[in-house]
Amino acid sequence: MKFFIDTANLQQIREAHDLGILDGVTTNPSLMAKEGISGKQNVLNHYKAICEITDGDVSAEVISTNYEEMLAEGMELALLHEKIVVKVPIIKDGIKAIKAFATKGIRTNCTLIFSPGQALLAAKAGATYVSPFIGRLDDVSTDGLMLIEDIRTIFDNYGYPTQVLAASARHAMHIINCAKAGADVVTAPLVAITALLKHPLTDNGLAQFLADHAQATGKS
């Protein structure tokens, strides 16, 4: 399973990259705003800065909602850098845009997926990734992991190459359960990814090993 970091924070992206486990980055307008990035050119420059850090795909989201504007905006994003994947919402014009991008060889990430049917349409249109939002489903008392399992089953049934990118993962168990459900990719905040490192028995064991070594060598 590939690990993407869900942020526009350059320091966090560098930290994930330096850890050696970063496969890509997902962003959205809200994450850009959180970092104080505003203005079209500043946003485009920030996407390029992200691409210079990571070795993998970078999802850059269109903000248009009609077909022609999505195409124009997506083409501009795709020309920024070879790592850019154009992020498109699962709406009628979005599906049309995904199909058009696919015919041009431009990779896409269909976002805001909340049902298997939406994922199926995106795959049929030629999306590179679909992004089911598991955390937001959990927020409304719906099992987000079931959606990952359903999409995985459908894609495997028919051999769709579209990758299942589990989005809105908020904690370590989300990541583990997405891996168990067969997600191709999970995107999560850095704190959720680094939480996978933590276990009290690891901490206790390391402390004991270091104490025993100090005693054996006469070092305090």
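Scroll up a little and you will see the structure.
Just so we're clear, the structure is a prediction, and the values are computed from it rather than from any experiment. (Residues numbered from 1 in each chain as written. Predicted model: local features only at pLDDT ≥ 70, side-chain atom pairs only at ≥ 80, totals over all residues. Heavy atoms only, no water.)

Undergrad: Tell me what's going on with the overall build of the chain, and back it up with residues and numbers.
TA: A tally of helices and strands in the chain yields 11 helices and 8 strands. In terms of overall dimensions, the chain has a C-alpha envelope of 75 × 40 × 30 Å along the principal axes. For the chain, the accessible area works out to roughly 11,100 Å², and carbon and sulfur atoms hold 55% of it. Here the chain holds 19 positive side-chain charges and 24 negative ones, and the gap between their average locations is 4 Å. (Helix = DSSP H or I, 4+ residues; strand = E, 2+ residues; numbered from the N terminus. Areas by Shrake-Rupley, 256 points an atom, 1.4 Å probe, with all protein chains shown as cover. Lys, Arg positive; Asp, Glu negative; His and termini not counted. Charge placed at Lys NZ, Arg CZ, Asp CG, Glu CD.)

Undergrad: Tell me what's going on with the environment of Asn-45, and back it up with residues and numbers.
TA: Looking at where Asn-45 falls in the secondary structure, it is placed in helix α3 (residues 40–53). Of the residues examined, Asn-45 reaches a relative accessible area of 36% and is grouped as partly exposed. For the pair Asn-45 and Leu-80, spaced 35 residues apart in sequence, the C-alpha to C-alpha distance is 8.7 Å. (Buried < 20%, exposed > 50% of the residue type's maximum accessible area, 1.4 Å probe, protein only.)

Undergrad: Could you give me a rundown of the sheet that holds strand β5 (residues 108–113), with the residues and numbers involved?
TA: Ordered by their spatial adjacency, 8 strands build a closed barrel running β1-β2-β3-β4-β5-β6-β7-β8, and the pairing between neighbours is parallel. Put simply, the sheet's adjacent strands are angled 30° from each other on average, direction ignored. Two strands pair when backbone bridges link them, and strand β7 (residues 163–166) and strand β8 (residues 185–188) are joined in this way by 2 bridges, in the parallel orientation. In the sheet register, Ala-166 faces β8, and the bridge partner there is Val-186. Its contacts with the sheet place helix α4 (residues 67–80) against β3 (57–61) and β4 (84–89), and it is angled at close to 155° to β4. (Pairing = 2+ DSSP bridges. Axes fitted to C-alpha atoms, helices over the stretch in contact; angles between N-to-C directions. Contact = heavy atoms within 4.5 Å.)

Undergrad: Summarise the nonpolar core; cite the residues concerned and give the values.
TA: Residues Ile-13, Leu-77, Cys-110, Val-130 and Ile-151 are the most contacted members of the largest nonpolar core, which totals 59 residues. For Ile-13, the contacting residues outside a window of four places in its chain are Ile-5, Thr-7, Ala-8, Leu-22, Val-25, Ile-50 and Ile-53. Core analysis: the next-biggest nonpolar cluster, separate from the first, contains 7 residues, Phe-4, Val-85, Tyr-129 and Ala-167 among them. (Core = buried A, V, L, I, M, F, W, Y, C linked by side-chain atoms within 4.5 Å.)

Undergrad: Can you lay out the pairing of strand β1 (residues 2–6) for me, pointing to particular residues and giving the numbers?
TA: The pairing of β1 with β8 spans 4 bridges and is classified as parallel. Bridge assignment links Phe-3 to a residue of β8, and that residue is Val-186. Pairing analysis gives 3 bridges linking β1 to strand β2 (residues 24–26), with the strands arranged parallel. Note on β2: the bridge partner recorded for Ile-5 is Val-25. With respect to chirality, the unit in which β1 leads through helix α1 (residues 10–19) into the neighbouring parallel β2 is right-handed. (Right-handed = clockwise from strand over helix to strand, strands pointing away.)

Undergrad: Give me the lowdown on the packing of helix α8 (residues 144–158) against helix α9 (residues 172–181), citing residues and values where you can.
TA: Axis separation between α8 and α9 bottoms out at 9 Å; the angle between their running directions is 20°. Here α8 lies roughly parallel to α9, going by the angle between them. Between α8 and α9 the crossing geometry is right-handed. Residues Leu-145, Ile-148, Glu-149 and Arg-152 of α8 form the contact with α9, whose own contacting residues are His-174, Asn-177, Cys-178 and Ala-181. Residues belonging to the contact of α8 with α9 are distributed by class as follows: 4 nonpolar, 2 polar and 2 charged. (Parallel < 35°, antiparallel > 145°, perpendicular 65-115°, else oblique. Left-handed = near helix turned anticlockwise from the far one by under 90°. Nonpolar A, V, L, I, M, F, W, Y, C, P; charged D, E, K, R; others polar.)

Undergrad: Now, about the environment of Arg-14: what can you tell me, with residues and values included?
TA: Note that Arg-14 resides in helix α1. For the pair Arg-14 and Ile-53, spaced 39 residues apart in sequence, the C-alpha separation works out to 6.4 Å.

Undergrad: Lay out the side chain of Arg-152 in plain terms, naming residues and giving numbers.
TA: In this fold, Arg-152 is placed in helix α8. Once residues within four sequence positions are removed from consideration, Arg-152 is found in contact with Val-164, Ala-181, Gly-182 and Asp-184.

Keep in mind these values describe shape, not function.
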